[in-house]
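Secondary and tertiary structure notes
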Amino acid sequence: MSQLFYVKACSSTNDEITGFLPYGDSDFIALHTFSQTRGRGQYGNTWMSNAEKNIAYTLAVKTENFFIPDSLFNYYTAILISDFLANVADCPAEIKWPNDIILRKKKIAGMLIEKKKIRDVNYYIIGAGINVLQEEFDQIPNAGSLFSQTGKTFDLEELTLQLHSLIVDGLKQTPSPADIITRFNNCLFRRDKISVFEIDGKRQNGIIRHADEKGELWIDLENEGLKSFYHKEVKLLY
């Protein structure tokens, strides 16, 4: 059983979900809106979204129900959302490490997964922002939407219900760590391709080789050889 709440507008579904947990009687409690005013992305970044064009969705699940490391939990949720978007778009989707979703070279979705202790219960707070109908992305040349990348229109409410159902079903039985790593790397954006990276303010060519179970990304750098990076230690430049 799961519960999906709706609000007409809010600042951030990741922040607002905590107010709904006391009213839930399920292991899967979610909140969504189509008008998020102060969405948050990874590492303190903001997630800008036009009202009534996109989906802001957050799912809260108890950490005690999962027996995989946090890094693999992050990977697996990214896999679920990537698979969902590939299916509705009818074209391949890729994961830009650690958890942005790329469709035809444009970022159409981002995730923010946090761990919070609420009323003495530890939760994973899984936030996802998905660009659906938005057409213009001022000053964000690498952003896109399902509509801009496919030409297809979608009903926001129906799409959210489908997303919620898929994530809940997927989290009811997580794959083995080896399966998660394999699936994540199979979807990894720019894997085994020469790319440009920014490291310590300097640009360098390199090739993404794989992501590991600790959440690190391994890159074969032109000047330094194979090295691993975590969080904001490296930036992939398009």
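Going by the structure above, here's the rest.
**So, unusual backbone geometry**
Of note, the bond from Trp 97 into Pro 98 is cis; its omega dihedral lies within 30 degrees of zero at 5°. Topologically, Pro 98 is positioned in the loop between β6 (93–96) and β7 (100–103). Of note, the phi angle at Asp 192 is positive, near 60°, even though the residue is not glycine. Residue placement: Asp 192 occurs in the loop between α5 (177–186) and β10 (194–199).

**Brief notes about the sheet that holds β7**
Read across the open sheet, the 7 strands follow the order β1-β2-β5-β9-β8-β7-β6; overall the sheet is mixed. Of all the strands in the sheet, the pair left with one neighbour each is β1 (3–6) and β6. Ignoring which end each strand starts from, the neighbouring axes of this sheet average 20° apart. In this structure, β7 lies alongside strand β8 (residues 106–118), joined through 4 bridges in antiparallel fashion. Along β8, the bridge assignment pairs Leu 103 with Lys 106. Contacts from helix α2 (residues 70–89) reach β5 (54–62), β6, β7, β8 and β9 (121–131) within the one sheet, and its direction differs from that of β8 by about 145°. Those strands touched by helix α4 (residues 156–171) are β1, β2 (29–33), β5 and β9, and its axis lies near 25° from that of β5.

Cut-offs applied
- Residues numbered from 1 in each chain as written.
- Predicted model: local features only at pLDDT ≥ 70, side-chain atom pairs only at ≥ 80, totals over all residues.
- Heavy atoms only, no water.
- Helix = DSSP H or I, 4+ residues; strand = E, 2+ residues; numbered from the N terminus.
- Pairing = 2+ DSSP bridges.
- Axes fitted to C-alpha atoms, helices over the stretch in contact; angles between N-to-C directions.
- Contact = heavy atoms within 4.5 Å.

The values reported here are purely geometric and, on their own, carry no functional implication.
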